[in-house]
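For reference, the chains in residue letters:
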Amino acid sequence: MTTTPSSTSSTPTPHHPMAVVGGGLGGLMLARVLHVHGIDVPVFDLDASPDARKQGGMLDIHEETGQAALREARLHEAFLAKVHPGGQAMRLLDKNGFVHREEEDDGSGERPEIDRGDLRDLLLTSLPEGAVRWNSKVVACRAADGGGSRGGRYEVTLADGSVFTTDLLVGADGAWSRVRTLVSDAVPAYTGISFVEVDLFDADNRHPEAATLLGGGMFFGLGDGKALLGHRETDGSLHVYVALRTDESWLGTVDFTDAGAAKAAVLEHFADWAPSLRGLIAEADGTLVPRHIHELPVGHRWSRVPGVTLLGDAAHLMSPFAGEGANLALIDGADLGRCLAAHPGDTEAALSAYEELLFPRAERTALESAEGLAAIFAPNAPQSLLDMFAGLGGADEEQGREQDA
C-alpha cells in the first residue's frame, strides 16, 4: 500500500492500487480469483464481522455460471463437499394443495444446493488474513484528480469519517450501491412484488406436516397472483417466502414487531387457500421479515468510465425469479478477476473485456427473471409456470388472452 498526503490533515491518506467495495459473494469471488493469480486486494464491507448477520438460505449453483466461477477460483471440489444432498428436489402445488409437479433429487442434476453461509465461508477462508476490512461502510465515492486510470484516482469515504484513494474501484456493494453513482444514474424500482420471509425451525419434529408438504428441496405454492416459495435448509428448518403482488406501501401498514398481528395480516391474503398451505404462515417461528423486491432496468449498462466498474446486484439487480442472482455475482467476480489478470498494466483493456461479457449476460438473465415473475404471478398459475418449464411460453400467451378479454 502507498499513501498520499491528505488535503485536510497531516496524516497520509491510505492509497490502494485497487479496492473492492462489498464483501458479498461477488466481491469475495473477485478477490479470490485475483489471489489465485498472485494479486491481493482489500475488500471493504459494512458488516462488523464475518458473523454479524445471518447470510440467507439455500442457493442452487448453476453449472455454466456459479460452478464455472468456482472452478476458476480453484474451489469447485471444496464446494461439492458442502452441497446439500436432496436439495434439487422440487414440488409445485396450487392453492388447494394439489401437486402438479414433483421431482426427486437423484444427484445427477447440474444445480446442486448449498447454504449461502457455507459458500461465503468457503470464499472467506480462501483469502489471506485481513483481506476483508470489516466495519467499513462506504458512504461516498468521488473522482479525485481527474478520476480513474488515466492519471486520476477515486476517493472513498467511510462511515467513520476515514478516507482512502484508489486507482481502480469495483462496486460489489449490492442493490443500493454507492459506487454505481460514478457510472450510472439508474436507481432500482419496485417490481410490484413484496416478500414476507418466515422460518419453521426443527421442522421434522416441530412442524411435521409442513416438512412433508415442502419435501427435501424447492417448493412452489401458486395461485391468484400470490406465491409461497420455500426450501429446506441444512439445519432442518424450512424457509418460506410469502410473495404478494401488492402496492409498495402495504408492508408499511403491518406491525412486524408483533408476530401474531403480522401473521394475521398476511393470512388475510390466503383466506381461501388449503389449511396445510396457510399453516406455513400460521406456524412460523420467530419474527416475520418484510422485503420489497426491486430491480434495475433490463439491459442496464453504462459507458466505459476509466478506473471503475460494477458486479453483481450493483450492476444488474433483478427479481429472484430466474434463480440467478448469486450465480451472476459469482461469474461476474470470476470474469473480472480473470480479465484483470490477463491484462497486467492495462486496466482499461481489462474492464472493457469484462463489460463485454457482463452486459449481454445480465440482459439475457434479467429477461428470464421478468418471464419467471410473470409466470409465477399469472392469473392461471401454476399452469403458467408448468408451461414455462415446458418451454411453451404459456404465461405470456395467457396474459395476452386476459388483456384481450
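What this report covers is the structure whose coordinates are included nearby. (Residues numbered from 1 in each chain as written. Predicted model: local features only at pLDDT ≥ 70, side-chain atom pairs only at ≥ 80, totals over all residues. Heavy atoms only, no water.)

1. Points about helix 10 (residues 325–342)
Going by this rule: Secondary structure counts use DSSP, requiring at least four H or I residues in a row for a helix and at least two E residues in a row for a strand, with both numbered from the N terminus. Given the number of residues in a helix, its expected span is that number minus one, multiplied by 1.5 Å. The classification of residues rests on relative accessible area computed with a 1.4 Å probe and restricted to protein chains. Under 20% of the type maximum is buried, over 50% is exposed, and intermediate values are partly exposed.
Under the 1.5 Å per step criterion, the end-to-end length of helix 10 is 26 Å for 18 residues, consistent within 8% with the ideal 26 Å. With 14 of 18 residues buried, helix 10 lies mostly within the body of the structure.

2. Section: the packing of helix 1 (residues 25–36) against helix 4 (residues 116–125)
Short version of the rule: Interaxial angle, 0 to 180 degrees, is taken between N-to-C directions of lines fitted to C-alpha atoms, where a helix line uses only the stretch in contact. Any angle that is under 35 degrees is reported as roughly parallel, and any over 145 degrees as roughly antiparallel; angles of 65 to 115 degrees are reported as roughly perpendicular and all others as oblique. Here a crossing is taken to be left-handed if its near helix is turned anticlockwise relative to the far helix by less than a right angle, and right-handed if that turn runs clockwise. Here a residue-residue contact requires only that any non-hydrogen atoms of the pair lie within 4.5 Å. Ten residues, namely Ala, Val, Leu, Ile, Met, Phe, Trp, Tyr, Cys and Pro, are considered nonpolar, four, namely Asp, Glu, Lys and Arg, are considered charged, and the remaining ones, Gly among them, are considered polar.
Running from amino to carboxyl end, helix 1 crosses helix 4 at an angle of 25 degrees, the nearest separation of the two axes being 9 Å. As the angle between them shows, helix 1 and helix 4 are arranged roughly parallel. The two elements helix 1 and helix 4 cross, and the hand of that crossing is left-handed. Residue-level contacts link Leu25, Leu28 and Met29 of helix 1 to Arg116, Leu119, Arg120, Leu123 and Leu124 of helix 4. Looking at the contact of helix 1 with helix 4 residue by residue, the classes come out as six nonpolar, no polar and two charged.

3. Let's talk about unusual backbone geometry
In terms of backbone geometry, most residues other than glycine have negative phi values and most peptide bonds are trans. A cis geometry characterises the amide bond from alanine 381 onward to proline 382, with omega recorded as 15 degrees. We note that arginine 74 has phi near 60 degrees; this positive angle belongs to a residue other than glycine. Its place among the elements puts arginine 74 in the loop between helix 2 (66–72) and helix 3 (76–80). Phi is positive for aspartate 224, close to 60 degrees, though the residue is something other than glycine. Topologically, aspartate 224 is positioned in the loop between strand 13 (218–223) and strand 14 (226–232).

4. Thoughts on the layout of surface pockets
Condition: Method remark: on a 1 Å grid restricted to protein atoms, a set of points is classed as a cavity if a 1.4 Å probe fits but cannot get out and as a pocket if it is open with protein on both sides within 12 Å along at least five of seven lines; lining residues have an atom within 4 Å of a point. Grid points are joined across faces, edges and corners, and a volume is the space filled by probe spheres set on the points.
In this model, the second largest pocket occupies a volume close to 400 Å³. In terms of lining, the second largest pocket is formed by 24 residues, of which the most central are Pro17, Met18, Ile39, Asp40 and Val41. Elements with a contribution of two residues or more to the lining of the second largest pocket: strand 2 (13–21) and helix 1. Across the lining of the second largest pocket, the residue classes tally to 14 nonpolar, six polar and four charged.

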